Amino acid sequence: MNESNTVDPTTTWMQIVALLTAASDGPQTRGAVDAELHSLALGAQIVASRAVALLPIDADGDLEDVLLDVAASSTLVDLIRAARRAARTHPAAAFPAGGAAVIAELDVLVAEAEALS
């Protein structure tokens, strides 16, 4: 059974938001001296905010309850990659209207992250 049969697209979308938020808020990005790392964290925050804007109004409070299946030692790049993996569990059309554009931005962010690693 694949994950798209067990997790609905809205929950997956909230996981993407939570992963990107965790990436931008992680300890390695607080007060980051490395300009590239800081820029990547800012990009994660921007993509997360665009994804949040597509959520139904009543779903916003549920973001605090999203469980992330990532290691505590996950890096900024790991979290961004995990967000992309989550985005690929459903077709873009299954996500909120405008989701395809956010996923495209996420793909650009992943490319930037991989260039740093």
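See the structure above.
Owing to the predicted nature of the structure, the values given are computational and were not obtained by experimental measurement.

In this section: helix α2 (residues 35–53). The end-to-end C-alpha distance of α2 is 27 Å, a good match for the 27 Å that 19 residues give at a rise of 1.5 Å each. Within the sequence span of α2, burial applies to L40, A41, G43, A44, V47, A48 and A51. Across the axial projection of α2, the buried residues extend over an arc of 155°, all falling on one side. Structural note: α2 exposes A35 and A53 on the side pointing more than 90 degrees away from its buried face. For α2, the elements touching its buried residues are α1 (9–25), α3 (76–87) and α4 (99–116).

What follows concerns α3. Taking 1.5 Å as the rise per residue, α3 with 12 residues should run 16 Å; its terminal C-alpha atoms sit 17 Å apart, in good agreement. All of the buried residues along α3 are L76, V77, L79, I80, A82, A83, A86 and A87. Structurally, α3 contributes buried residues whose contacts are with α1, α2 and α4.

It is worth spelling out the environment of P56 at this point. Positionally, P56 belongs in the loop between α2 and α3. By relative accessible area, P56 is classed as partly exposed at 39%. For P56 and T10, which are 46 residues apart along the polypeptide, the C-alpha to C-alpha distance reads 9.0 Å.

By size, the foremost hydrophobic cluster in this structure holds 31 residues, and its most contacted members are W13, I16, L20, L40, I80, L106 and L109. The set of elements that each furnish at least two residues to this core consists of α1, α2, α3 and α4. What L106 contacts, discounting residues up to four positions off in sequence, is I16, L20, V47, I80, A83, R84 and A87.

Under the defined criterion, the tally for this structure stands at one aromatic pair. Aromatic pair W13 and F95: ring centres 4.9 Å apart, planes at 40°, arrangement tilted. One end of the pair, W13, is in helix α1; the other, F95, is in the loop between α3 and α4, and 82 residues separate them in sequence. In this structure, W13 and F95 share a single accessibility class: buried.

To continue, consider the environment of L40. Take L40: it is sitting in helix α2. Overall, the relative accessible area of 2% leaves L40 in the buried class. Placed 17 residues apart in sequence, L40 and A23 show a C-alpha to C-alpha distance of 8.9 Å. In this structure L40 touches L76, V77, I80, L109, E112, A113 and L116, once residues within four positions along its chain are discounted.

Conventions we followed
- Positions within a chain are numbered from 1, following the residues in the order the chain's sequence is written.
- The predicted nature of this model means local features are confined to residues of pLDDT at least 70 and side-chain atom pairs, given and counted, to a pLDDT of 80 or more, with totals for whole chains, interfaces and linings taken over all residues.
- Hydrogens and waters are ignored; side-chain quantities use all the structure's heavy atoms.
- Comment: elements are numbered from the N terminus, with helices defined as DSSP H or I runs of at least four residues and strands as E runs of at least two.
- Given the number of residues in a helix, its expected span is that number minus one, multiplied by 1.5 Å.
- Throughout, exposure labels follow a simple rule: accessible area from a 1.4 Å probe, protein chains only, divided by the maximum for the residue type, with under 20% read as buried, over 50% as exposed, and the rest as partly exposed.
- The directions from the helix axis to the C-beta atoms form the arc being described.
- Any two residues whose heavy atoms approach within 4.5 Å at even a single point are treated as in contact.
- Buried Ala, Val, Leu, Ile, Met, Phe, Trp, Tyr and Cys residues form a nonpolar core when they are joined through side-chain atoms within 4.5 Å.
- Working definition: rings of Phe, Tyr and Trp (its six-membered ring) pair if their centres are within 6.5 Å, and the pair is stacked with planes under 30 degrees apart, edge-to-face with planes over 60 apart, and tilted otherwise.

All we've got here are geometric facts, nothing functional implied.
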